Amino acid sequence: MDGCTELVFDDVKVSTVDEGTGEMGEEVEVRIVVKVGPEQALVLILKREGGEKIVEAPLGPNSIYQLGKRACMVRLGGGERPSTCCRVRSANASAASRLYMALESAQPGKTAHSWFEKKIDQSSAELYFHYYGTLQHQQNMLQDYIRTGSYYTAIQGNRDDFEGKTVMDVGAGSGILSLFAAQAGAKKVYAVEASVMAEYARKLAVDNPGLGERIEVVQGKVEEIKIEEKMDVLISEPIGTLLVNERMLETYLYARDHFLKPNGKMFPKVGRIQVAAFSDEVLHNELLTRAAFWMQENFYGVNVSSLHKEAVNQYFSQVVIDAFDPGLLVSAPVMKVVDFSTVREEELYDIEIPLKLTVVRPCMIHGIACWFDIFFDGSTRGEWLSTAPGHPATHWFQLRCVMQKPLWATGGCQVVGKMRLVAHARQSYDVHVTLEVPPIAEGMESQKTSGVLDLKEPYYRQLTSWWHSQGPAPPPPRMGGDMHVDGCG
């Protein structure tokens, strides 16, 4: 299948099922490859040992049925071809979720013609492209000088990676990264932008002679465009809150798989999600106070108190975005590294981060705090962009998941649990958090708390137009000199 997207799933067991009798065959360890094209999806099932093909057949409409948390029933073929019914069982719930999401998105019953449109809700996509098609939002990103300056330094500080090279700017927006690449000597830059911002990017290219002649603006989704030339370098700012919000990283990986030469460069190359425990009674009480509105029994003569419990649940289902004092952290962070040059798209559908956090002092644990870093792995120099608390603020700030039920922890004890990010069609993730600490006293049970939060619906706390105070852009940093770069791991 030309132009298809391949999604690969290991650690899967499959049993064929006789649809007449319901009898199940022997369970076999397999690898499943889902090949998604514009019109149909093929499912290839191979034995894990030896790679022998068990079945290769198209995925039909309404052919996937979930069976609990770890399994699903899949019917392959049909029509003029005999159908094969299989029970597919994954190693754990996260792996099962990734496989089910891929199969569900790939069904031919979807009316879309690109992989992006098959897996993303259309109304969400329309709002997304409208948002990024406005100069106001582009300005908000451009005036984040930590973000823009880091990209400038990474590109200009690695001219050997760009001089005479062919570059694709994935989700180009205003085209600023394309212009940076041209400044660094790129021979040709394809600035790919799906929103109406592409017209503004063309205007900026024309208005910057000596650079714009080497920039071709291509309006369209990366998943839909046709460019025969392969790229030496991909540049992109595909990052959302908590690294993965908006699910544009998947588009960046699509460009890698379809347009990047073997061993081509990616700017950025690595992302890291960092997670630590925090204690903040003020924030916890703030959420309770906001929900207390719904305790009123006489709001203009109306009793609204029956909605209070649900209001509390909803306030605690919002992630909180702000810039907080790093002194609120009560543990060192754990880290999830995502290497954009090797990670498979399907691995981003369900991301699990085990938590084992040592508490540094006695305190109430109110939840987990998160931030991210990205790394530009240039041939000449490396460059980190960090959104960590205590660092200069970016437009991403930091994020906290506040638990409705806090936990009492003694100094030196461990908070264990996990954070699980499950992608949804509204271009974001549900964040599942479970935490556990030792019992308060001997003979009592361990303390546990959990929550499910929607990354798409944050509570922006105490934030204003933070960039107004920053003034005009600072002068470009001087290139030259050595820079110490810590390892990615």
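See the structure shown above.
These notes cover the structure that comes with them.

Cut-offs applied
Residues numbered from 1 in each chain as written. Predicted model: local features only at pLDDT ≥ 70, side-chain atom pairs only at ≥ 80, totals over all residues. Heavy atoms only, no water. Helix = DSSP H or I, 4+ residues; strand = E, 2+ residues; numbered from the N terminus. Contact = heavy atoms within 4.5 Å. Salt bridge = Lys/Arg side-chain N within 4 Å of Asp/Glu carboxyl O. Buried < 20%, exposed > 50% of the residue type's maximum accessible area, 1.4 Å probe, protein only.

## A closer look at the environment of Leu328
Turning to step 1, where the next piece is worked out: As for its position among the elements, Leu328 is in the loop between strand S13 (318-322) and strand S14 (334-339).
Turning to step 2, where the next piece is worked out: With 77 residues separating them in the primary sequence, Leu328 and Thr251 have C-alpha atoms 35 Å apart.
Turning to step 3, where the next piece is worked out: Contact partners of Leu328, with chain neighbours within four places excluded, come to Ala277, Phe278, Ser279, Asp280 and Arg400.

## Notes on unusual backbone geometry
What you tend to see is this: most non-glycine residues have negative phi, and most peptide bonds are trans.
Turning to step 1, where the next piece is worked out: Here the amide bond leading from Phe267 into Pro268 is cis, since omega sits at 5 degrees, within 30 degrees of zero.
Turning to step 2, where the next piece is worked out: Its place among the elements puts Pro268 in the loop between strand S11 (260-267) and strand S12 (270-278).
Turning to step 3, where the next piece is worked out: Backbone geometry places Leu242, a non-glycine residue, at a positive phi of 60 degrees.
Turning to step 4, where the next piece is worked out: If you trace the backbone, Leu242 turns up in the loop between strand S10 (231-236) and helix H8 (249-259).
Turning to step 5, where the next piece is worked out: The phi angle at Asn263 is positive, at roughly 65 degrees, despite the residue not being glycine.
Turning to step 6, where the next piece is worked out: Note that Asn263 resides in strand S11.

## Digging into the pattern of salt bridges
Turning to step 1, where the next piece is worked out: Summed over all chains, the structure comprises 31 salt bridges.
Turning to step 2, where the next piece is worked out: In this structure, Asp322 engages Arg400 in a salt bridge whose closest nitrogen and oxygen atoms are separated by 2.9 Å. Of this pair, Asp322 sits in strand S13 while Arg400 sits in strand S18 (residues 398-409); the two residues are 78 residues apart in sequence, bridging distant segments of the chain.
Turning to step 3, where the next piece is worked out: Arg400 sits in the buried class, given a relative accessible area of 0%.
Turning to step 4, where the next piece is worked out: Salt-bridge contacts for Asp350 lead to Arg420; the nearest nitrogen and oxygen are separated by 2.7 Å. Here Arg420 lies in strand S19 (residues 414-424) and Asp350 lies in strand S15 (residues 350-358), a separation of 70 residues in the sequence. The two residues Asp350 and Arg420 agree in class, both being buried.
Turning to step 5, where the next piece is worked out: Beyond isolated ion pairs, a larger network of salt bridges with shared partners links Asp280, Glu286, Asp322, Arg400 and Arg461.

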